[in-house]
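What the coordinates show
Letter by letter, the chains look like this.
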Amino acid sequence: MGICFGKRKDDGIPRKDPVDTTALKQSESLIIFVIGGPGAGKFTLGRRLAARYGFQFISPSDILRSEVDSGSERGRRFEEIMRQGRHVPADVIVQLVEEKMMTQPNAVGYLVVDFPRDRRQAIAFNKEVRQPDLVLKLDARQLILVRRMRDRAAAAARFDDDTPEIVCKRIKKYFETDAGAVKPNKKVMTILDAEEEENKVFEAACAVVDRLIDAEHREA
């Protein structure tokens, strides 16, 4: 499949050719999303779950940062958008996730962190791939997320977390788009208390995943 960088929309981001997701649509591999506000602990939980169950770990944020580090035209546009506290367009994010999944079309499962971030991403993924088997939502109060993000920004310089204004903007954006992001997959969503200690959150998540795997085995 060729790659076309000539297609653009009003956001100025060059588009690639569509991904053939037939293998993913037909696959019996588990697809699990881990979502939650900035500072909720998504990445820590996601990496631990992926390691425990042998899932492919996918982070759209990591993919975006790799593109930014490459110095490409797309990367420069991504960085500009994220510096402003805005979301990269849904069709671009969904395609990045699809491309990463297709690098391991026979994976045991896919653990996608911080996705979907809004309704458009959720609907597009469900249409182009399929509905996830499970959505783990890490729930925490806004004041807790603000405190965690400020602590993290103080500890490490990151281009998207570097000012209190950007931190607050990202958290505000999450609460504005959260309902739309979860609605298309609400029937497969489990809410976890992200204000609990890290190991307790992990144990609770494992219990949910174990039940899902057991159910899949019974149906096989």
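Cut-offs applied
Residues numbered from 1 in each chain as written. Predicted model: local features only at pLDDT ≥ 70, side-chain atom pairs only at ≥ 80, totals over all residues. Heavy atoms only, no water. Helix = DSSP H or I, 4+ residues; strand = E, 2+ residues; numbered from the N terminus. Rg over C-alpha atoms; globule rule 2.2 N^0.38 Å. Buried < 20%, exposed > 50% of the residue type's maximum accessible area, 1.4 Å probe, protein only. Contact = heavy atoms within 4.5 Å.

Considerations on the overall build of the chain
Helix and strand counts for the chain come out as nine helices and five strands. Computed over the C-alpha atoms, the radius of gyration of the chain is 17 Å, within 12% of the 17 Å expected from 2.2 N^0.38 for a compact globule of 220 residues. By the burial criterion, 49% of the 220 residues in the chain qualify as buried. Look at the contacts in the chain between residues 6 or more apart in sequence, and 78% of them connect residues 24 or more apart.

With respect to the environment of Pro116
With respect to the element layout, Pro116 can be found in the loop between β3 (109-113) and α6 (119-128). Judged by relative accessible area, which is 6%, Pro116 ranks as buried. Look past the residues within four positions of Pro116 in its chain and what remains in contact with it is Phe33, Ile35, Gln121, Ala122 and Ala181.

Considerations on unusual backbone geometry
The peptide bond linking Phe115 to Pro116 adopts the cis configuration, its omega dihedral lying at -5°. Positive phi outside glycine occurs at Asp114, with the angle close to 65°. Tracing the sequence through the fold places Asp114 in the loop between β3 and α6. A residue is classified by how much of its surface remains accessible, and Asp114, at 10% relative accessible area, is buried.

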